[in-house]
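Spelled out from the first residue to the last, the chains are:
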Amino acid sequence: MSQLSKVAKHLRRNSTGAGISAKKLANLAHVPVESVYKRIYDLRTLEGKTIYSNFRTVNGTRKMFYRLSA
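Below, the structure is looked at part by part.

1. What to know about the pattern of salt bridges
- All told, the structure shown has one salt bridge when counted by the stated rule.
- With a closest N to O distance of 3.1 Å, Asp42 and Arg39 form a salt bridge. A residue pair is termed a helical-turn pair when its members lie 3 or 4 positions apart in one helix, as Asp42 and Arg39 do in helix α3 (residues 33–45) at three residues. An identical accessibility class is assigned to Asp42 and Arg39; each is buried.

2. Some points on the side chain of Asp42
- Taking the relative accessible area as the measure of exposure, Asp42 reaches 17% and is therefore buried.
- Only 3.1 Å separates the side chain of Asp42 from the side chain of Arg39, close enough to count as a polar contact.
- When residues no more than four places from it in sequence are discounted, the contact partners of Asp42 are Leu4 and Glu47.

3. Considerations on the nonpolar core
- Val7, Leu11, Leu25, Val36, Ile40 and Ile51 are the most contacted members of the largest nonpolar core, which totals 15 residues.
- Looking at this core, the elements that each hand over two or more residues are α1 (3–13), α2 (22–29), α3 and β3 (61–68).
- Filtering out sequence-adjacent residues up to four positions away, Leu25 remains in contact with Val7, His10, Leu11, Ile20, Val36 and Ile40.

4. Examining the pairing of β3
- Bridge count between strand β1 (residues 20–21) and β3: two bridges; the pairing is antiparallel. Within β3, the position partnered with Ile20 by the bridge is Tyr66.
- Relative to β3, strand β2 (residues 51–58) runs antiparallel, the two sharing eight bridges. Note on β3: the bridge partner recorded for Thr57 is Arg62.
- Counted along the chain from β2 to the antiparallel partner β3, the turn is two residues long, and its residue Asn59 has a positive phi close to 55°.

5. Things to note about the packing of α1 against α2
- Between α1 and α2, the shortest axis-to-axis distance is 9 Å and the interhelical angle comes to 115°. Crossing angle aside, the handedness with which α1 passes α2 is right-handed. Mapping the contact onto sequence places Lys6, Val7, His10 and Leu11 in α1 and Leu25, Leu28 and Ala29 in α2.

How each quantity is defined
- Every residue gets a number counted from 1 within its own chain, in the order that chain's sequence is written.
- Given that this is a predicted model, residues contribute local features only at a pLDDT of at least 70 and side-chain atom pairs are listed and counted only at 80 or more, while totals for whole chains, interfaces and linings are drawn from all residues.
- To get the side-chain values, all heavy atoms of the structure are used, and hydrogens and water are removed first.
- In what follows, salt bridge is the name for a side-chain nitrogen of Lys or Arg lying within 4 Å of a carboxyl oxygen of Asp or Glu.
- Here a helix means four or more residues in a row that DSSP labels H or I, a strand means two or more in a row labelled E, and each is numbered from the N terminus.
- With a 1.4 Å probe rolled over the protein chains alone, any residue whose accessible area is under 20% of its type maximum counts as buried; one over 50% counts as exposed, and the rest are partly exposed.
- N or O atoms within 3.5 Å of each other form a polar contact, as long as, within protein, one can give a hydrogen and the other can take it, and as long as residues adjacent in sequence are counted only when both atoms are side-chain atoms.
- A contact between two residues is defined here by any heavy atoms of the two lying within 4.5 Å.
- Nine residue types can take part in a nonpolar core, namely buried Ala, Val, Leu, Ile, Met, Phe, Trp, Tyr and Cys, and a core is a set of them joined through side-chain atoms within 4.5 Å.
- Whether two strands pair comes down to DSSP finding at least two bridges between them.
- Here, axes are lines fitted to C-alpha atoms. For helices the fit covers the stretch in contact, and angles between N-to-C directions go from 0 to 180 degrees.
- Rotating anticlockwise by less than a right angle from the far helix to the near helix defines a left-handed crossing, while the corresponding clockwise rotation defines a right-handed one.

What follows is the structure in structure tokens.
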């Protein structure tokens, strides 16, 4: 299974509600965090998926969360 399909699968499963962080997505898909950013880009450009990126402050740190559009 490729990195792209792993990231897409876990993004589909966890895109309800507030979304999922890149670190958690990397842990679930068993890929490096840097690869998650690249695969999100690939999903947006090559696959044509609409993926929302939202910033939230969690414990005083600004974090980005991803979710697929419905």
